[in-house]
Amino acid sequence: MKALMKKEKGVDGVALERVEPPVVKTNEIKVKIHAAGICGTDIHIIHDQYPSNFPVIMGHEYSGTVVEVGEEVDNFKVGDRVVSATAVVTCGGCSYCNQGLLMLCDQRKSIGSGVHGAFAEYMVVPANLAYNIPSSVTLDEAALTEPLACVVRCMMERGRVDAGDFVLVSGPGTMGMLSLLVAKANGGNVVVIGTSQDSERLNLALELGATAVVNVEEEDAEQRLMELTNKKGFDIAVECAGVSVSANNCIKLLRKQGMLIQMGLFGKKIELDSDLLLMKEIDYTNGYASEPTSWERALRLLEHKHVDVSSLISNKIPIEKWQTAIRLAEQKIGYKTLLLPNI
Ligand SMILES: [Zn+2]
Ligand SMILES: [Zn+2]
């Protein structure tokens, strides 16, 4: 089968290979991949800014159809449409595993970095970490369950948006848009900020329900943003741009005792105004990918249309053209780029 692999260190260490399809174990299901999204983490893996256990098939945001089930699997059958959580290898016995916090297990390996992932025609995953896709959700939409689960983890399990909160989303990419949708679903008044390059994205943010959008490069941006919160500052700021200037803007625009949420990786050490964090008594939280609880909630948000991700799917590319797909994701052209391994 075709598989996009991180084979070795360096940006040239990624290649489309022919490999043997995986063999299903007793407690696993074999999934024919429909679509697999390219994530910021994949870009970090390519550039060796995030650890990977190469040679490894990349990809962790996927949807697909069950084509084979292991002997002991009784909760899935051939033909089921599925997604799965990503932390598929854990020790099963440490205090984090016992609390269902799989990402925090010292032995954890996730699909697409620690073990073979979804940028391939087929993949196997443990059946106990897979979920049926609700009938109201398309396979394309379901491929965004993973990033949505990460946003749920940050904003609803680690952080918390209350109805009426002023929520600032900095960086209108895919994670920013998902943060907007999740904050809206929780009753937040959401303001999305970006730069001059983001004008199209900021327009989409308005269409998706943002109360206001602001280009931070405009002269009176800070004053306008403060006015939008009746000069009090934001209750919550979600950093989705992955650059330090955005993180520091968030700290500046938060009210005292507000909450800063780091949505994604920066890919390097950054400078934060930590004294201002202290003097404003700001809570700083984040989330390391997602946990099974986040998946259940993300699927419910999709099923009942509290969150509609359809407008965020902008590029669908056959896996043979993976270089084009990576370039689109790297240059942030459109929103989510999906790789299609089976067409
Ligand atoms: Zn991801
Ligand atoms: Zn463990």
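Quick caveat, the model's predicted, so the values are computed rather than measured.

1. Concerning the coordination of the zinc ion (ligand 2)
Taken together, Cys91 (SG), Cys94 (SG), Cys97 (SG) and Cys105 (SG) make up the full set of protein donors to the zinc ion (ligand 2), lying 2.3 to 2.4 Å away. Classification of the site at the zinc ion (ligand 2) rests on its 4 donor atoms, whose angles at the metal span 104 to 118°, yielding the label tetrahedral.

2. Brief notes about the packing of aromatic side chains
In the structure shown here, the tally under the stated rule is 1 aromatic pair. On the numbers, 6.1 Å between centres and 5° between planes, the contact of Tyr131 with Trp295 is stacked. Here Tyr131, found in strand β8 (residues 130-132), pairs with Trp295, found in helix α10 (residues 292-303); they are 164 residues apart in sequence, far enough to count as distant. One exposure class covers both Tyr131 and Trp295, and it is buried. Here the basic side chain of Lys30 rests over the ring of Tyr122, its NZ or CZ set 5.0 Å away from the ring centre.

3. Re a nonpolar patch on the surface
Taken together, Tyr96, Leu104 and Tyr288 make up a surface patch of nonpolar side chains, about 270 Å² in accessible area. When you line up the elements, Leu104 lands in the loop between α2 (95-98) and β7 (122-126). Among the residues examined, Leu104 registers a relative accessible area of 38% and is labelled partly exposed.

4. So, the nonpolar core
Counting residues in each nonpolar core, the largest one holds 92 residues, and the members touching the most others are Ile29, Tyr62, Phe119, Met155, Val192, Val238 and Leu312. Ignoring sequence-local partners within four residues, the contact set of Val238 consists of Met155, Val167, Leu168, Val169, Ser170, Ser179, Cys250, Ile261 and Met263. Ile193, Val214, Leu225 and Ile251 belong to the second-largest nonpolar core, a separate cluster that totals 17 residues.

5. Looking at the domain arrangement of the protein
As assigned here, the protein comprises domain 1 (2-144 + 309-340) and domain 2 (157-286). Taking only C-alpha atoms into account, the centre of domain 1 sits 29 Å from that of domain 2. On the side of domain 2, 14 residues touch domain 1, which itself brings 12 residues to the contact. The junction of domain 1 with domain 2 conceals about 980 Å² of combined surface from both sides, 65% of it contributed by carbon and sulfur atoms. For the domain 1 face of the interface with domain 2, the top three residues by lost area are His44, Leu312 and Tyr335, together amounting to 53%. Counting across the interface, domain 1 meets domain 2 through 0 salt bridges. Put simply, domain 1 and domain 2 have 2 residue pairs in polar contact (both at pLDDT 80 or more) between them.

6. Description of the side chain of His44
As for its position among the elements, His44 is in helix α1 (residues 40-46). The residues contacting His44, other than those within four sequence positions of it, are Gln49, Tyr50, Leu265, Phe266 and Gly267.

7. Observations concerning the coordination of the zinc ion (ligand 1)
Distances from the zinc ion (ligand 1) to its protein donors, Cys39 (SG), His60 (NE2), Glu61 (OE) and Glu146 (OE), fall within 2.2 to 2.7 Å. Here the zinc ion (ligand 1) binds 4 donor atoms, and the angle range of 82 to 164° at the metal identifies the geometry as irregular.

8. Focus on the packing of helix α4 (residues 145-158) against helix α5 (residues 174-185)
The angle between the axes and the distance between the axes are what describe a pair of packed helices. Their axes nearest at 9 Å, the elements α4 and α5 cross at an angle of 55°. In terms of their interaxial angle, α4 and α5 are classed as oblique. Where α4 crosses over α5, the two elements pack in a sense that is right-handed. Only Met175, Leu178, Ser179, Val182 and Ala183 of α5 make contact with α4, whose side of the interface consists of Pro147, Leu148, Cys150, Val151, Met155 and Met156.

9. Here's the deal with unusual backbone geometry
With an omega dihedral of 5°, the bond running from Phe54 to Pro55 counts as a cis peptide bond. Within the secondary structure, Pro55 sits in the loop between α1 and β4 (56-57). Even without being a glycine, Asp48 presents a positive backbone phi close to 60°. Mapped onto the secondary structure, Asp48 falls in the loop between α1 and β4. Of note in this structure, Glu281 is not a glycine but carries a positive phi near 50°.

What counts, and at which threshold
Residues numbered from 1 in each chain as written. Chains lettered and ligands numbered in written order. Predicted model: local features only at pLDDT ≥ 70, side-chain atom pairs only at ≥ 80, totals over all residues. Heavy atoms only, no water. Donors = N, O, S within 2.8 Å, 3.2 Å for Na, K, Ca; no water. Tetrahedral: all angles 85-135°; square planar, octahedral: opposite > 155°, others 65-115°. Phe/Tyr/Trp six-rings, centres within 6.5 Å; stacked < 30°, edge-to-face > 60°. Helix = DSSP H or I, 4+ residues; strand = E, 2+ residues; numbered from the N terminus. Buried < 20%, exposed > 50% of the residue type's maximum accessible area, 1.4 Å probe, protein only. Lys NZ or Arg CZ within 6 Å of the ring centre and 35° of its normal. Patch = residues over 30% accessible without salt bridge, like charges linked within 9 Å, V, L, I, M, F, W, Y side chains within 5 Å. Areas by Shrake-Rupley, 256 points an atom, 1.4 Å probe, with all protein chains shown as cover. Salt bridge = Lys/Arg side-chain N within 4 Å of Asp/Glu carboxyl O. Core = buried A, V, L, I, M, F, W, Y, C linked by side-chain atoms within 4.5 Å. Contact = heavy atoms within 4.5 Å. Domains from an automatic or database assignment. Buried area = accessible area lost by both parts, 1.4 Å probe. Polar contact = N/O pair within 3.5 Å; in protein donor to acceptor, adjacent residues only side chain to side chain. Axes fitted to C-alpha atoms, helices over the stretch in contact; angles between N-to-C directions. Parallel < 35°, antiparallel > 145°, perpendicular 65-115°, else oblique. Left-handed = near helix turned anticlockwise from the far one by under 90°.

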